[in-house]
Amino acid sequence: MNIRLFGSEFYFARHGQTHYNAQGLVTGTLDIPLDEVGVMQAKEMAAHISGLSFVSCICSPMDRAQTTAELLLAGRSEIVPVAVAGLEERCWGALEGVSKHDLDNYDFPANGVEMWGQFASRTIETLAGVSAEIALPVFIVAHSGTFRAICEYLDIKEDIRPVKNACPYHFYLSGSTWHVQDCSLR
């Protein structure tokens, strides 16, 4: 599947911190808002991205991603974030709200958990579906799972863990190989 959306470069940021992130809890599809730290992170990121060249922004429809995108673009009135259904975080079913330290692995066949392959396919299909409508380069604001699904799809070798909250990442094509780089100042 060729996704025009990516062009030869794009930017990505995971939403700012929520109180669930701070406590190490699985958030998934729980629509948890940013906490005070998350709001501050998004505002700080906005100040650091002024030199980045993107002309559009799409985001997950979840509150934490939409709020991050709105704060990120507060100084760029010409760019309005567009919430895209299908970019929601992976559903963890009965495990949402559980401590991440209590999980043995990330591929659960029960408890209403969306399997990794299903989630990754949903994410990529969603991006492919909106790719013709988006001006390039784009800034995507979503979730750590979205970041990992994109990296897997683009066969990116850099292993970035954890995906930092409210941190801009630059995805770029060099020859025929995709790379990702943390472009924050922190």
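Here's a quick rundown of the structure. Keep in mind that this is a model prediction, so the values were computed, not measured.

Spatial ordering of the open sheet is given by E3-E2-E4-E1-E5-E6, a layout of six strands whose pairing is mixed. Across the chains shown, the open sheet's two edge strands, defined by having one partner strand only, are strand E3 (82-83) and strand E6 (177-182). Judged from the six bridges that link them, strand E5 (residues 168-174) and E6 form a sheet pairing that is antiparallel. The residue bridging serine 174 from the neighbouring strand is threonine 177, located in E6. In this fold helix H5 (residues 144-153) packs onto strand E1 (9-14), strand E4 (138-142), E5 and E6, with an angle of close to 150° to the strand it touches most, E1.

Attention now goes to the state of the cysteines. Considering all chains together, one arrives at zero disulfides under this definition. You can see cysteine 151 has no disulfide; the closest cysteine sulfur is in cysteine 167, sitting 12 Å from it. Cysteine 167 takes part in no disulfide bond, and the closest cysteine sulfur, belonging to cysteine 183, lies 6.8 Å away.

This part takes up the environment of isoleucine 160. Mapped onto the elements of the fold, isoleucine 160 is located in the loop between H5 and E5. With 59 residues separating them in the primary sequence, isoleucine 160 and histidine 101 have C-alpha atoms 19 Å apart.

Structurally, histidine 15 is set in the loop between E1 and helix H1 (19-23). Given a relative accessible area of 3%, histidine 15 falls into the buried group. Setting aside its immediate chain neighbours within four residues, histidine 15 contacts Asn21, Arg64, Ala65, Thr68, Ala142, His143, Asn165 and Ala166.

Tallying each qualifying case throughout the model produces nine aromatic pairs. Taking 4.5 Å as the distance between ring centres and 10° as the angle between the ring planes, the aromatic pair formed by phenylalanine 10 and phenylalanine 171 counts as stacked. Taken as a pair, phenylalanine 10 in strand E1 and phenylalanine 171 in strand E5 lie far apart in primary sequence, 161 residues in all. Seen in terms of ring centroids, phenylalanine 10 and tryptophan 178 are 5.8 Å apart; in terms of plane orientation they differ by 55°. Their pairing is tilted. With phenylalanine 10 in strand E1 and tryptophan 178 in strand E6, this residue pair connects regions lying 168 residues apart in the sequence. Judged on exposure class, the residue phenylalanine 10 and its partner tryptophan 178 are both buried.

On to the pattern of salt bridges. Within this structure, the stated rule accounts for five salt bridges. The partner of aspartate 159 in a salt bridge is arginine 161, with the nearest N and O atoms 3.1 Å apart. Given a relative accessible area of 56%, arginine 161 falls into the exposed group. Via salt bridges that share partners, Glu88, Glu114 and Arg122 belong to a single interconnected network.

Before going further, it helps to examine H5. Extensive coverage of H5 is indicated by the burial of seven of its ten residues. Residues of H5 that are buried: Ser144, Gly145, Thr146, Phe147, Ala149, Ile150 and Cys151. Looking at the buried positions of H5, the neighbouring elements they touch are E1, helix H4 (116-130), E4, E5 and E6. Directly beyond the C-terminal end of H5, a positive phi value near 55° is found at aspartate 155.

Packed helices, taken two at a time, are described by the angle their axes make and the gap between the axes. Between helix H2 (residues 36-48) and helix H3 (residues 63-72), the shortest axis-to-axis distance is 8 Å and the interhelical angle comes to 35°. Both H2 and H3 take part in a crossing whose hand is right-handed. Side by side, H2 and H3 meet where Val39, Ala42, Lys43, Met45 and Ala46 of the first sit next to Thr68, Leu71 and Leu72 of the second. For the contact of H2 with H3, the class distribution of residues is six nonpolar, one polar and one charged.

How each quantity is defined
Residues numbered from 1 in each chain as written. Predicted model: local features only at pLDDT ≥ 70, side-chain atom pairs only at ≥ 80, totals over all residues. Heavy atoms only, no water. Pairing = 2+ DSSP bridges. Helix = DSSP H or I, 4+ residues; strand = E, 2+ residues; numbered from the N terminus. Contact = heavy atoms within 4.5 Å. Axes fitted to C-alpha atoms, helices over the stretch in contact; angles between N-to-C directions. Disulfide = S-S within 2.5 Å. Buried < 20%, exposed > 50% of the residue type's maximum accessible area, 1.4 Å probe, protein only. Phe/Tyr/Trp six-rings, centres within 6.5 Å; stacked < 30°, edge-to-face > 60°. Salt bridge = Lys/Arg side-chain N within 4 Å of Asp/Glu carboxyl O. Left-handed = near helix turned anticlockwise from the far one by under 90°. Nonpolar A, V, L, I, M, F, W, Y, C, P; charged D, E, K, R; others polar.

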